[in-house]
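# Coordinate analysis (summary)
Residue-level listing of the chains:
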Amino acid sequence: MKRPTLRYGVATSAFQVEGAPEADGRGPSTWDEFCARPGAIRDGSDARTACDSYHRFDEDLLQLVDLGVDAYRFSIAWPRVQPTGRGLVNTRGLDYYDGVVDGLLLEGIEPFPTLFHWDLPLPLEEAGGWSARDTALRFVDYAVAVVDRLGDRVSTWATLNEPWCTALLGWASGVFPPGRREPARAWDCAHHLLLGHALGAAAVRAARPGSEVGLVVNLTTVRREQDGDPCAVDVVDAWQNRLWLDALGKGSYPEVLGEPAALRDGDLATIRGSVDWLGINYYTPFRIGAPSEEPAGVGQDVDAYPGAPPFSFRPRGPLTTMGWEVDPQGLVDTLQETAARLPGVPLRVTENGGAFDDDADRVGYLSSHLAALEACDVTVLDYFAWSLLDNFEWAEGWTQRFGLVAVDRTTLQRRPKPSFAWYAEHIAAQRGP
Ligand code: IFM
């Protein structure tokens, strides 16, 4: 069978680029509250202005056109659509996304929205966030509200972005909101996120038959260093990869993790088979060694892997400014392992990119990863570079630059970097004359 042609895109998320936290009736999100906590964000910054994409989407669109992408992956901010996370829909919030979708379509760019990229409405967080089953049900209402408005023009939907981060960074290591260190509840969150995804996906398909609904997960290949405990490798791999893939593919959770207390009869049957496609966000492989004092990369926190025997992350250079090892073969390994674990499910690379101060390194990162992807034996439908813009990197604040386009922090002026020109040329060259 002929392999489908790889399509190229670029990605952002609402909280990281939009700003305008009070505009048109938006309610507060858990990230607004978290940013205000002393010490929560590395540089003490916030995303109140961010890239001001809420008021400057036209400028972003010009960049997308110049880049020549097939698709733009962005996320919809739940607190704009339902300011308290439940009840009445705020049509003014949806108007913004209506404009984004229409603008993209006019330029022949496919809108590729994600419904939840971490910005939970604050009242839902205060009611227990994803540790409460009710949040999964509220997500369904929200998803239907969005699809009712945009589903006549959007056919491919991602439900959640990187639920591992929401559950484990939020509730086990506590470096993301709500900043808790309660591993048992992290497990419940992971389960409710999967349940919310599955129920939401079913509701989207019911509201708009023919929709293609997927989940975006941050997976990676897990390697053992000579002194690494194989059990630690197994537990890290289970939280990072198998939890999501086993639940989706087999309707079970990895034995080594046990079961979440929140699990109810029928939940896993609901989750099994709930994706039409899977999005993989890949940045770096993991190397697991014996415990050490050496610094690991951002987010590589042993506390985010409850139940693992003592271990450390041992990234090898070259590193990005996130401290993440650069390894294009890791992308290929991750794709191959995922394809074997979830056979028959179409795959997309929904994020890939590197944070660097020197843009030449970004060109090196993107070109080596794309070369590996284009040569590999796994069929992938789309590749989205992270990110279109330098943006707010969560707990790292404004210290990390992933963008193909720099954004002046004072004037908010957009300035494409050489990596932007490189990616535009690459896309054009792949399309041929
Ligand atoms: O910026 C994030 C994005 O929001 C989710 N995936 C990883 C990126 C880089 O850390």
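Look a little higher up for the structure.
Description of the structure in this document. (Residues numbered from 1 in each chain as written. Predicted model: local features only at pLDDT ≥ 70, side-chain atom pairs only at ≥ 80, totals over all residues. Heavy atoms only, no water.)

### Observations regarding the overall build of the protein
Across its full length, the protein holds 14 helices and 13 strands. The C-alpha atoms of the protein give 20 Å as radius of gyration, which agrees with the globular expectation for 433 residues (22 Å, within 12%). On the principal axes, the C-alpha backbone points of the protein span a range of 55 × 50 × 50 Å. Going through the 433 residues of the protein one by one, you find that 62% of them count as buried. Within the protein, counting contacts between residues at least 6 apart in sequence, those at least 24 apart form 77% of the total. By element, 52% of the accessible surface of the protein is carried by carbon and sulfur atoms, the whole surface being about 15700 Å². For the protein, the distance from the average position of its 39 positive side-chain charges to the average position of its 61 negative side-chain charges is 2 Å. (Helix = DSSP H or I, 4+ residues; strand = E, 2+ residues; numbered from the N terminus. Rg over C-alpha atoms; globule rule 2.2 N^0.38 Å. Buried < 20%, exposed > 50% of the residue type's maximum accessible area, 1.4 Å probe, protein only. Contact = heavy atoms within 4.5 Å. Areas by Shrake-Rupley, 256 points an atom, 1.4 Å probe, with all protein chains shown as cover. Lys, Arg positive; Asp, Glu negative; His and termini not counted. Charge placed at Lys NZ, Arg CZ, Asp CG, Glu CD.)

### Notes on the nonpolar core
Of all hydrophobic cores here, the largest spans 145 residues; its most connected members are Trp130, Trp157, Leu278, Leu335, Tyr383 and Tyr423. Considering each element in turn, this core owes the most residues, 11 residues, to helix H10 (residues 230-250). (Core = buried A, V, L, I, M, F, W, Y, C linked by side-chain atoms within 4.5 Å.)

### A word on the sheet that holds strand S7 (residues 277-281)
Read around the barrel, 8 strands follow the order S1-S2-S3-S4-S5-S7-S10-S11 and close on themselves; strand pairing throughout is parallel. Along the sheet, successive strands turn relative to each other by an average axial angle of 25°, direction set aside. The pairing of S7 with strand S10 (residues 347-352) spans 4 bridges and is parallel. Residue pairing across strands places Leu278 opposite Leu347, the latter belonging to S10. Sitting on the sheet, helix H8 (residues 163-171) is in contact with strand S3 (110-116), strand S4 (156-161) and strand S5 (212-217), with an inclination near 40° to S5. (Pairing = 2+ DSSP bridges. Axes fitted to C-alpha atoms, helices over the stretch in contact; angles between N-to-C directions.)

### Remarks on the packing of helix H7 (residues 133-150) against helix H9 (residues 183-207)
Here H7 crosses H9 at 30°, and the two axes come no closer than 8 Å. Viewed along their axes, H7 and H9 adopt a mutual orientation that is roughly parallel. In the packing of H7 onto H9, the handedness of the crossing is right-handed. When H7 is examined against H9, the residues Arg133, Ala136, Leu137, Phe139, Val140, Ala143, Val144, Val147 and Asp148 are found in contact with a partner set consisting of His192, Leu195, Gly196, His197, Leu199, Gly200, Ala203, Val204 and Ala207. Along the lines of polarity and charge, the residues of the contact of H7 with H9 split into 12 nonpolar, 4 polar and 2 charged. (Parallel < 35°, antiparallel > 145°, perpendicular 65-115°, else oblique. Left-handed = near helix turned anticlockwise from the far one by under 90°. Nonpolar A, V, L, I, M, F, W, Y, C, P; charged D, E, K, R; others polar.)

### With respect to the pattern of salt bridges
Any two side chains of opposite charge can pair, on the condition that their charged atoms come close. Under the criterion given, the structure shown has 40 salt bridges. Note that Asp333 and Arg223 form a salt bridge whose closest N and O atoms lie 2.8 Å from each other. Of this pair, Asp333 sits in helix H12 (residues 328-341) while Arg223 sits in strand S6 (residues 222-224), and the two are 110 residues apart along the sequence. Just as Asp333 is buried, Arg223 falls in that class too. The salt bridge partner of Asp237 is Arg242, with a shortest N-O separation of 2.8 Å. Here Asp237 falls in the buried class, since its relative accessible area comes to 10%. (Salt bridge = Lys/Arg side-chain N within 4 Å of Asp/Glu carboxyl O.)

### Quick word on the sheet that holds S6
Within the open sheet, the 3 strands sit side by side as S6-S8-S9. Their pairing is mixed. Single-partner strands in this sheet number two, and they are S6 and strand S9 (312-313). In this structure, strand S8 (residues 286-289) lies alongside S9, joined through 2 bridges in antiparallel fashion. Its bridge partner lying in S9, Ile288 is registered against Phe313.

### Topic: helix H13 (residues 359-375)
When the terminal C-alpha atoms of H13 are compared, their 24 Å separation across 17 residues agrees well with the 24 Å that a helix rising 1.5 Å per residue should span. Where H13 is concerned, the buried positions are Asp359, Arg362, Val363, Tyr365, Leu366, His369, Leu370, Ala372 and Leu373. Residues of H13 that are buried sit in contact with strand S1 (7-11), H12, S10, strand S11 (380-386) and helix H14 (418-431). At the N-terminal end of H13, a side-chain oxygen is found 2.9 Å from the backbone nitrogen of Ala360, two or three residues along, and the residue is Asp358. (Expected span 1.5 Å × (residues − 1). Polar contact = N/O pair within 3.5 Å; in protein donor to acceptor, adjacent residues only side chain to side chain.)

### Considerations on the site of the ligand
As a matter of local geometry, the ligand sits amid 13 residues, with Gln16, His117, Glu162, Glu351 and Glu393 nearest to it. Glu351 places a side-chain nitrogen or oxygen 2.5 Å from a nitrogen atom of the ligand. Calculation on the ligand without its partners gives an accessible area of 280 Å², and the protein chains cover 96% of this total. Residue classes in the shell around the ligand are distributed as 7 nonpolar, 3 polar and 3 charged. (Near = heavy atom within 4 Å.)

### Points about the side chain of Glu225
Here Glu225 lies in the loop between S6 and H10. Non-local contacts of Glu225, meaning those with residues more than four positions away in its chain, are made with Arg287, Ile288, Gly289, Arg314 and Arg316.

### Quick notes on the environment of Thr320
Along the chain, the position of Thr320 falls in the loop between S9 and H12. Among all residues touching Thr320, those that are not within four sequence positions of it are Val326, Gly354, Ala355 and Phe356.

### Thoughts on the environment of Gln336
You can see Gln336 is positioned in helix H12. Gln336 gets classed as partly exposed once you look at its relative accessible area, which sits at 32%. Separated by 44 residues in sequence, Gln336 and Ser292 place their C-alpha atoms 30 Å apart. Setting aside chain neighbours within four positions, we find Gln336 in contact with Asp377 and Val378. A distance of 3.0 Å separates a polar atom in the side chain of Gln336 from a polar atom in the side chain of Asp377.

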